[in-house]
Amino acid sequence: MSRLRFYVLSIGVLLLTSINIGAAPETVRLSNAVWTVDINPQLLAVEAYPADSAVSVPISSGQTGFGNIKDFSEKANTASWRLPERFLTVRFELIDDSLSVEFIQDKLANDVLGLTWPVIEDFESLHGYIFPFFEGSYVPKDDVKWQNFLSDRGAINTTAGLSMPFWGLDLGERTLTYILTNPFNNQILFNNTTTSGFGMQVSHTFTPNWEEKRYGLRISLGTASPVAPAKQYRHWLKQNAEFISFAEKIEKTPAAEKLLGAAHVYLWGGKLLSEYDVTDWKTFATRLSGDSSVAKQIWAQLNAEMREAIREVVQSDYPSKYSLRVVSRAISGQLEKHNFYEPSVWTAVPLTPEVKALISHDVSTLSSPELYRRNCLLLYAAFSDVLRHPDEWGDGLSVKLLEQFAENGLDKLWLGADSWQDGFRHPTAVAKAKELGYLVGPYDSYHSIHHPNEKDTWETAQFDLTLYETGAIVNADGTKSRGFKKKGYHLSPLAAKPYVENRVNGIVEQMPSDFNTWFIDCDAYGELYDDYSTSHPATQLDDMRARLDRISWIRDTHDMVVGSEGGAAYSAAVLHFAHGMTVPVIGWGDPDMKSKTSPYYVGGYWPPEGPAVHIKQVPLKPNYLYHYYDPRFRLPLYQIVFHDSVITTHHWGSGSLKFENAIATLALLELLYNVPPLYHLNMAEFSKHKAWIKRYYAFFSPLHRQVGGRAMTDFEWLSDDRQIQRTEFGDAVEIFANFGTEPFEYEGLVIPRRSAVARWRDTGKIELFSVE
């Protein structure tokens, strides 16, 4: 044998000892000091064997139909192979306590192809599932109600259906966590069969609009804690430099600090003149039906119902609230019109210099706030003896209600207006809110677009005809994606960008006193789209980035504290706050909650002074109480990951006081998780709920100021029935909640029934809040 040939053969032997290339074995074994993982390449079945246990852990059941295996390679703790019939390369790598799994589609594959993996079936050591459904849920595997609830939901999108892209398995002595490294184009489907029991499977769709088509998971063993999966996801975010703390956000936007200790309040009754702004209704109504030129102008614009309401007010010593609202709405509507000022009508009315200056301008050149100011001052000049000054007008967003908040000790609030028009109508209230240290801003949305001539529309869906015709998201089949409630279309965030900037800049430029916070609906909910438009094509990743870019633009350009619906993990680095994480929207489409004859009817979007859908207190159906409120199935997964990054609370459809049979439990959950309450208020509602709000705020707000920006470092159940729970915020505070009906003692601390207790770890100070 020649020396050259000897060297070649020797090198080949060395290579084969480190890299095994050839036919795939029936089982591939990857092993380290933590665990051993066996993989069947043909079936993609995976079984794990923890080093400290004799009990194996099924990671995924096997499947058929993957076809032949080619190009198998094994090196150290990595194995890979190709599935040519599925146009896939499969790669498994064992890294310490984690198993990295990746599926890569061939670049030449242009068809829409799907992959289902993992498939998780019932097994003996599985106790339950840990899911980031909204804040977090614990699902016992044998709970029939949960099995039916999840099976009936159908396929769950992993960006909209999960608040964070992971889930966990409770294995008793440990947990197993699955993190989706690509959260897009995935669905979870639950099934319950007689052969495999209750289980789940995850499917990924490789869509042709991605340049690089990858689907992957990181699977890890963890401790026997129901929040271990959340801790692992937080660690993974930090490893990948994707976590931004709330302290860092305050450095960038100092006003965000105002969220610490703040209750969240949506204000209703934004019209110009409210029922509370007339000091003598009988005299006012009598003069409106009189023969002065101003009264005649106003009367001529009223319909029969409005005129009858005025007559009732004149004739009754105790007119109905309905009639007062009909009249105040009618007057408010006229005050927004350009032609309210007709010079000949106002000749006998003394006008102030401010009014004279405003009427000297061409009405077409006035901004909306200037127009409203002009008309309100005109009305006041004609009826000053029976009206408050316009600076005090309004219901929810009004100086008088804000002063009541302050007088009752509510010194930190986030205030949301139904529309930016409310700010135009009541700029003195906006200025007052900021003077009191509150955050105040409008609701805004770029989710849907309607035709400019659409009659049943809403202001956030109105842009122009060009954008309506060109800006819709396009489905893979070439049809346009229908918008919210099937009206109009879903609007591409890429196409919307210049319109977003024009709208926000225009609102800010018109505001006499600027808003300091902005709420953008839908963008953080998780509803992301593949857009097959030729003019603004996008993957779900592109769609996500465009949504986050516009939130960031509003935040940075106008120094706004920004929030959105939901608070899905992909948005956490950008948002300051989110609505819909603690409790999401519930029962959407449920006929019992839509039927006026049902005891569970949530109400409609009327009256505008306080829509019943938000303000009317109703019982919640037992099945929703079970799945959304029952503390036995609640987990603070989102708070473990993001408590020191994003301030979260409820969806506006599920406010703290909405469901009368859930108020007490929800209050304890809010305190345990250290998240703010969310209320819907106007003058009447604050008067109704003031005692509760004050008492609750006195406990919550000081505590949240101290730990609202800190990490939640632990959570645990202290009783077998899971009615006694504890959260921990580093070395600062631990909070206990007793959801049960008997007192409970823990390490010398007695936690009364239906109560929350905060204990400061350095001083031992204890504070108690009872919901009874």
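Calculation criteria
- Residues numbered from 1 in each chain as written.
- Predicted model: local features only at pLDDT ≥ 70, side-chain atom pairs only at ≥ 80, totals over all residues.
- Heavy atoms only, no water.
- Helix = DSSP H or I, 4+ residues; strand = E, 2+ residues; numbered from the N terminus.
- Buried < 20%, exposed > 50% of the residue type's maximum accessible area, 1.4 Å probe, protein only.
- Phe/Tyr/Trp six-rings, centres within 6.5 Å; stacked < 30°, edge-to-face > 60°.
- Patch = residues over 30% accessible without salt bridge, like charges linked within 9 Å, V, L, I, M, F, W, Y side chains within 5 Å.
- Areas by Shrake-Rupley, 256 points an atom, 1.4 Å probe, with all protein chains shown as cover.
- Salt bridge = Lys/Arg side-chain N within 4 Å of Asp/Glu carboxyl O.
- Expected span 1.5 Å × (residues − 1).
- Contact = heavy atoms within 4.5 Å.
- Pairing = 2+ DSSP bridges.
- Axes fitted to C-alpha atoms, helices over the stretch in contact; angles between N-to-C directions.

A. Up close: the environment of Tyr-532. Of note, Tyr-532 is situated in the loop between β24 (517-521) and α16 (540-557). With relative accessibility at 27%, the residue Tyr-532 sits in the partly exposed group. C-alpha of Tyr-532 to C-alpha of Asp-477: the two residues are 55 residues apart in sequence and 8.5 Å apart in space.

B. Quick peek at the packing of aromatic side chains. Considering all chains together, one arrives at 47 aromatic pairs under this definition. Between the aromatic rings of Phe-103 and Trp-117, the centroid separation amounts to 5.8 Å while the plane-to-plane angle is 55°, which identifies the pairing as tilted. Taken as a pair, Phe-103 in strand β9 (residues 98-105) and Trp-117 in strand β10 (residues 113-120) lie far apart in primary sequence, 14 residues in all. Exposure remark for Trp-117: the relative accessible area of 0% places this residue in the buried category. With 5.2 Å between their ring centres and 80° between their planes, Tyr-138 and Trp-717 make a pair best called edge-to-face. A residue pair is termed long-range when its members are at least 10 positions apart, and Tyr-138 in strand β12 (residues 137-140) and Trp-717 in strand β29 (residues 714-717) qualify at 579 residues. According to the relative accessible area criterion, Tyr-138 is buried, its value standing at 6%.

C. Region of the structure containing a nonpolar patch on the surface. Side chains of Phe-484, Trp-588 and Tyr-605 sit close together on the surface and give an oily, nonpolar patch of about 370 Å² of accessible area. Examined against the element boundaries, Phe-484 turns out to sit in the loop between α14 (465-470) and β23 (489-490). For Phe-484, a relative accessible area of 36% corresponds to the partly exposed category.

D. Quick look at the pattern of salt bridges. In this structure the tally under the stated criterion is 46 salt bridges. For Asp-385, the salt bridge is made with Arg-287, and the minimal N-O distance between the two is 2.8 Å. With Asp-385 in the loop between α10 (368-382) and α11 (399-407) and Arg-287 in helix α5 (residues 281-288), this residue pair connects regions lying 98 residues apart in the sequence. Note that Asp-630 and Arg-632 form a salt bridge whose closest N and O atoms lie 2.7 Å from each other. The buried category is assigned to Asp-630, whose relative accessible area is 14%. Connected via shared salt-bridge partners are Glu-716, Arg-726, Glu-728, Glu-734, Glu-747, Arg-759 and Arg-761.

E. Examining α10 more closely. The end-to-end C-alpha distance of α10 is 22 Å, a good match for the 21 Å that 15 residues give at a rise of 1.5 Å each. Taken together, the buried positions of α10 are Pro-369, Leu-371, Tyr-372, Arg-374, Asn-375, Cys-376, Leu-377, Leu-378, Leu-379 and Ala-382. Contact partners of the buried residues in α10: α5, α6 (293-300), α8 (321-335), α9 (353-359), α12 (420-425) and α15 (493-510).

F. Geometry of the sheet that holds strand β5 (residues 57-60). Across the sheet, which stays open at both edges, the 4 strands sit in the order β2-β3-β4-β5 with antiparallel pairing between neighbours. Each edge of the open sheet is held by one strand with a lone partner, namely β2 (28-31) and β5. Strand-to-strand twist in this sheet, taken as the mean axis angle between neighbours without regard to direction, amounts to 20°. Sheet topology places strand β4 (residues 45-50) next to β5; 3 bridges connect them, and they run antiparallel. Bridging across to β5, Glu-47 finds its partner in Pro-58.

G. Spotlight on the sheet that holds strand β31 (residues 733-738). In spatial order, the strands read β29-β30-β31-β34-β35; together these 5 strands make up an open sheet with antiparallel pairing. The open sheet has two edge strands, β29 and β35 (766-770), and neither has a second partner. In this sheet, neighbouring strand axes are inclined to one another by 15° on average, regardless of whether the strands run parallel or antiparallel. In this sheet, β31 lies alongside strand β30 (residues 724-729) in antiparallel orientation, the contact comprising 6 bridges. Paired with Glu-728 across the two strands is Glu-734, which belongs to β31.

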